[in-house]
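Chain by chain, the residues:
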Amino acid sequence: MNGLAMHLPILPVLLPLLAGIVLLMLRNAPLALQRGISLAAAAALVPLAFALLASAANGSQLVYRLGNWDAPFGIVLVADRLAAWMLMATALVALFALLHALRGDDVKGRHFHVLYQLQLFGLNGAFLTGDLFNLFVFFEILLLASYGLLLHGGGRLRVKAGLHFVVINLVGSTLFLFAVGTLYGVVGTLNMADLAVKLARTVPGNLALVEAAGLLLFGVFALKAALLPLHLWLPAAYAHTSAPVAALFAIMTKVGAYSILRVYSLMFGADAGAVANLLAGWLMPLALVTLAVGMLGAVAATALRQQIAYLVIASVGTLLAAFALDSVDGIAAGLYYLPHTTLAAAAIFLLADPITRARGERADRFEAGPAIPGAAVLGGLFFVAAIALAGLPPLSGFLGKFMLLRAALGSPWLEWLWSVVLVAGLVGVIALARSGSLLFYRTHSTTESLPALRAADWLPAAGLLLLGLGMAIWAGPVSDYATATAAQLLHPQAYIDAVLGARP
C-alpha cells in the first residue's frame, strides 16, 4: 500500500475524533453548521468501511503501526474481515440514526454531535485495535460518550436508567483492569497476537491465573453484551433514552459479542495449549438462557420500547449461541445474523419515536389509544420490522436463523439449540403480533390534537429496513463473506504473522 491507502485502517478512528474536536470548538456556531459537519463525518465512514471491506475481502490483514513501532512494543490497528464487517454495520446504523436525530432530538441537550462522534470514535477503535489495553481504552471512550448520550434531554426515568448504566459499567471497567493487569503480570504483553503466542506456552504454575483472567475478561464482555445474568441494566437504559441514541446503541451490545469472538478465537482458541477452548461448556448454555429470557421479557413487556430492548437481549443470545458452536458454519451464521439484527433493532427503535408521539399521553404503552396519524405508513414499516426481528421469511433474519439451525446439525447442543431457537421465535411472533394489534388496530376516536406524520419521521427507519432487505436479496455474497471471515478467525496464525511478522 502507498499514499492514502497505507493509512486506511486509521481513518475510521481519526475521522470521528477530529470531527468531535472540531464540533467542540464550534459549539457556539450555528446549528446548521454543526449538523453539516456531524452528518458529513458520519456519511464519510460508509465509503471508508466499504474500502476496508474490499481491502480485507481477499483475506489480507491490514496492520497499521502507530509511530511505526513494531508489535508488540507499539500500538497496532488491525483491519481484517471481521473488523471491516463490524465497521460497516456501525457506519450504516450511525448514519441513519443521525439522520433521525436531525429532526430535533439533537437540540434537546448540550453537545449531542460531539458525543455522537466520540461514540463512533470509541466503537471504531474497539473493532480495529490489536491491543488488549487499548481495547479497554476504547471501551471507556465509547462508554463515556454513551453516558452523555443516554442522559441527553434529561428526565427522571432517563436519569435513573443512566445512573444504573454508569454504575454497572464502571464495575465492568474495574474488572477489565484487573483482568488486563493479571495477564500483563503473568505474560508481560498485552498485544493480542503476542498474547496468543505466549498464552499457548503457559506453564502449569501460571495456568490458574491465566484462566482466572480469561474468565474475568469473559465476564466483562458478557456485561457489555448483556448476556444473562448481566443483562439487567439494558432494558431501562434502551427504553428511556432518545430514539436515535437507542438506535445507535443497537450496535453497543455487539461490541461485547465481537470482543468474545475476537479474544477467544485468537487467544484462547483450539491452538492455545493448556488454555484452549476456555469457554467450552459456558457460552452455549448462557446464550440459550439469554435468548429464552429475552423473549419472555418481550412478551411480558408493557411498552413498545421496553419490548424492543428485550428483543435486543434475545438477539444477543441467538448471536452468541451461533458463536458458541465454534465452527465455520456456526460463526458464519452469527456473522450474517449480526448486521441483520442490528439494522432491524435500530429501525424499530426509530419507528417507536413517531408512534410514541402520535399516541399522545399514552405514549408507547400497550393499551388502546387514538388512531395514529399516518397509521398506514407506520403500520406497514412496523410489520416489516416485526417480520425481520421475529426471523420470518423472506427477510434476512430467517436466513440467519436457518444458517444457525443447519450449523447445529453436528453439534451435541442440537436438541437444545433447535428447541430454544424455534420456541423463542414463536414467542417473538406472538409478542410482536400483540404489539401491532394494540398499537394500530385497537384504536378509538379522540379530540386530542395529534402531530401529523412527516416523511422525516419514518424515512431513516425505512432506509435501515431496505438495507436488511438487501441482505436477503444478496444473501449469497454476504454469506460467502461471513463464511470466509469465520474460516479466517478459526485459523488465527495469519493474523499473528501479520502483526508480529512471519517466523521461521
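Report follows, based on the coordinates. (Residues numbered from 1 in each chain as written. Predicted model: local features only at pLDDT ≥ 70, side-chain atom pairs only at ≥ 80, totals over all residues. Heavy atoms only, no water.)

It is worth spelling out the packing of aromatic side chains at this point. One pass over the structure, following the stated rule, counts 19 aromatic pairs. An angle of 85° between the planes, with centres 5.5 Å apart, marks the rings of Phe 136 and Phe 176 as edge-to-face. Here the residue Phe 136 occupies a position in helix H5 (residues 132-151), and Phe 176 occupies one in helix H6 (residues 156-187), the gap between them amounting to 40 residues. Arranged with centres 5.7 Å apart and planes meeting at 90°, the rings of Phe 176 and Phe 221 form a pair that is edge-to-face. Taken together, the positions of Phe 176 in helix H6 and Phe 221 in helix H8 (residues 207-225) put the pair 45 residues apart, joining distant regions of the chain. (Phe/Tyr/Trp six-rings, centres within 6.5 Å; stacked < 30°, edge-to-face > 60°. Helix = DSSP H or I, 4+ residues; strand = E, 2+ residues; numbered from the N terminus.)

Following the sequence through the fold, Arg 81 ends up in helix H3 (residues 81-101). One buried charged residue, Arg 81, forms no salt bridge at all, with the nearest opposite charge on Asp 80 at 8.2 Å. A polar atom in the side chain of Arg 81 sits 3.4 Å from the backbone oxygen of Ala 484. Sequence-distant contacts of Arg 81, defined by excluding residues within four places in its chain, comprise Ala 56, Ala 57, Asn 58, Gly 59, Tyr 481, Ala 484, Thr 485 and Gln 488. (Buried < 20%, exposed > 50% of the residue type's maximum accessible area, 1.4 Å probe, protein only. Lys, Arg positive; Asp, Glu negative; His and termini not counted. Salt bridge = Lys/Arg side-chain N within 4 Å of Asp/Glu carboxyl O. Polar contact = N/O pair within 3.5 Å; in protein donor to acceptor, adjacent residues only side chain to side chain. Contact = heavy atoms within 4.5 Å.)

Let's shift gears to the nonpolar core. With 189 residues, the main nonpolar core has Leu 132, Phe 221, Tyr 238, Tyr 264, Met 267 and Leu 417 as its most contacted residues. Here this core gets 19 residues from one element, more than from any other, and that element is helix H14 (residues 328-358). Residues in contact with Leu 132, not counting those within four places in the same chain, are Phe 176, Val 180, Leu 183, Leu 190, Met 192, Leu 195, Leu 217, Val 263 and Met 267. (Core = buried A, V, L, I, M, F, W, Y, C linked by side-chain atoms within 4.5 Å.)

Our focus in this paragraph is a nonpolar patch on the surface. A cluster of nonpolar side chains, Leu 163, Val 167, Val 171, Leu 175 and Phe 178, forms an exposed patch at the surface whose accessible area comes to about 450 Å². When you line up the elements, Phe 178 lands in helix H6. (Patch = residues over 30% accessible without salt bridge, like charges linked within 9 Å, V, L, I, M, F, W, Y side chains within 5 Å. Areas by Shrake-Rupley, 256 points an atom, 1.4 Å probe, with all protein chains shown as cover.)

Quantified by volume, the largest pocket comes out at close to 670 Å³. Together, 36 residues line the largest pocket, and Tyr 264, Phe 268, Gly 269, Asn 277 and Asp 326 are the ones closest to its centre. Only helix H7 (192-199), helix H11 (252-266), helix H12 (283-300), helix H13 (304-324) and helix H20 (493-500) provide two or more residues apiece to the lining of the largest pocket. A total of 5 residues in the lining of the largest pocket trace back to one element, the largest contributor, which is H11. There is about 380 Å³ of room inside the second largest pocket. Mapped by element, the contributors of at least two residues to the lining of the second largest pocket are helix H2 (31-56), H3, H14, helix H18 (455-473) and helix H19 (475-489). (1 Å grid on protein atoms, 1.4 Å probe; cavity = no way out; pocket = protein on both sides within 12 Å on 5 of 7 lines; lining within 4 Å. Points joined across faces, edges and corners; volume = space filled by probe spheres on them.)

Distances and angles like these do not, on their own, reveal function.
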